[in-house]
Amino acid sequence: METVADTTAPEAQRRTPRPRADALRNRERIVTAARELFVEFGPDVPLDDVARRAGVGNATLYRNFPDRAALTHEVVLAVTSRTTARAEEAAAAEADPFAALSRFVHAAADERIGALCPMLSGVFDKDHPDLLAERDRLEAAVEGLVSRAMSAGRLRTDIAVGDVLVALSQLTRPLPGIACLDIDRFTHRHLQLFLDGLEAPARSVLPGSAATLENLRRRD
């Protein structure tokens, strides 16, 4: 007699179990703590300190992120994704395209986008599909802000989206371990000076050529 395979196993047994809510919260706390400490002390901060800031044990940290590269990957992804969201929110909230660009620049500073610079020099897969996809989303969102402001005659025409991203990264890049702990209070002041220089009509002639996204992607 032919044996028929048993197909009566409960559906729940055949599904991939979903992470528990407390496990997801722990993961988010670790990423948040790592982001804060990377900003304050640089990407080489001891992972024990990350676990302590997150309020979890070392075993929990390493269960989620087996090494520094895995944690750095997740922090870069989180910062990039949150910054993209700020660009999309600015475009939706502001009718004036230059006001939208300005809103994004200040919001990106609050997301500490400049902290990506030292992290990107670390040892992890910078060409991971998730990171490339999120980078493309961010670039497209910022390019949209720049294009609309320029088309409306509100943004000087001798710059490109790369100029905005480079200046934003430089002006918000943290200086790990410095004694000037209050330096962050000048960030938005200096960003506003930068934005005033972007408005049309241009008040000066810029040396060199505009920084494009292609310029930023070159590694040589």
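Residues numbered from 1 in each chain as written. Predicted model: local features only at pLDDT ≥ 70, side-chain atom pairs only at ≥ 80, totals over all residues. Heavy atoms only, no water.

The name recorded for the protein chain in an unreviewed UniProt entry is TetR/AcrR family transcriptional regulator, from Streptomyces arboris.

**Student:** Give a detailed account of the confidence of the model for the protein chain, specifying residues and quantitative values.
**Tutor:** Overall, the prediction assigns the protein chain a mean pLDDT of 84, with 83% of residues at 70 or greater. Per-element confidence in the protein chain is highest for helix α3 (residues 47-54), whose mean pLDDT is 96, and lowest for helix α1 (residues 11-14), whose mean pLDDT is 52. Segment residues 1-5: pLDDT under 50, and 0 contacts once partners within four positions in sequence are set aside and those in other chains are kept. (pLDDT = per-residue confidence, 0-100. Helix = DSSP H or I, 4+ residues; strand = E, 2+ residues; numbered from the N terminus. Contact = heavy atoms within 4.5 Å.)

**Student:** Quick rundown of unusual backbone geometry? Include the residues and the values.
**Tutor:** Negative phi characterises most residues that are not glycine, and trans characterises most peptide bonds. For the peptide bond that leads from A200 to P201, omega is 0°, which places it in the cis range. Looking at the secondary structure, you find P201 in the loop between α10 (187-198) and α11 (213-217). Its identity is not glycine, yet R112 carries a phi of approximately 60°, on the positive side. As for its placement among the helices and strands, R112 is situated in the loop between α6 (97-110) and α7 (116-120).

**Student:** Break down the pattern of salt bridges for me, with residues and values.
**Tutor:** Counting across every chain of the model gives 16 salt bridges. Measuring nitrogen to oxygen at the nearest pair gives 3.2 Å for the salt bridge that ties E94 to R103. Since its relative accessible area comes to 41%, R103 is described here as partly exposed. R135 is paired through a salt bridge with E139; the nearest N and O atoms lie 3.8 Å apart. Taken together, the residues R135 and E139, both in helix α8 (residues 129-151) and 4 residues apart, mark about one turn of the helix. Looking at R135, the relative accessible area reads 30%, which means it is partly exposed. Among the charged side chains, a network of salt bridges with common partners joins R35, R82, R86, E89 and E111. (Salt bridge = Lys/Arg side-chain N within 4 Å of Asp/Glu carboxyl O. Buried < 20%, exposed > 50% of the residue type's maximum accessible area, 1.4 Å probe, protein only.)

**Student:** Please provide a residue-by-residue account of the environment of D125, values included.
**Tutor:** Structurally, the position occupied by D125 is in the loop between α7 and α8. D125 sits in the partly exposed class, given a relative accessible area of 44%. On a C-alpha basis, the gap between D125 and T72 in space is 9.7 Å, while along the polypeptide they are 53 residues apart.

**Student:** Describe the environment of A85, naming the residues involved and giving the relevant values.
**Tutor:** Locating A85 in the fold gives a position in helix α5 (residues 68-93). Along the chain, A85 and L138 lie 53 residues apart, while their C-alpha atoms are 8.3 Å from each other.

**Student:** Got a sec to walk through the packing of α6 against helix α9 (residues 161-172)? Specific residues and values, please.
**Tutor:** Look at α6 against α9: their axes get within 10 Å of each other, and the N-to-C directions meet at 35°. At the point where α6 passes α9, the crossing takes the right-handed sense. Contact residues: α6 offers L101, F104, V105, A108 and A109, while α9 offers V164, L168 and T172. Broken down by class, the residue content of the contact of α6 with α9 amounts to 7 nonpolar, 1 polar and no charged. (Axes fitted to C-alpha atoms, helices over the stretch in contact; angles between N-to-C directions. Left-handed = near helix turned anticlockwise from the far one by under 90°. Nonpolar A, V, L, I, M, F, W, Y, C, P; charged D, E, K, R; others polar.)

**Student:** Break down the nonpolar core for me, citing the residues and quoting the values.
**Tutor:** For soluble globular proteins, nonpolar side chains are generally found buried alongside one another. One finds V50, L71, F104 and L198 to be the most contacted residues of the largest nonpolar core, which totals 50 residues. Each of domain 1 (20-66) and domain 2 (68-216) accounts for three or more of the residues forming this core. Not counting the four nearest positions on each side in its chain, F104 is found in contact with T83, R86, A87, A90, V142, L145 and L168. (Core = buried A, V, L, I, M, F, W, Y, C linked by side-chain atoms within 4.5 Å. Domains from an automatic or database assignment.)

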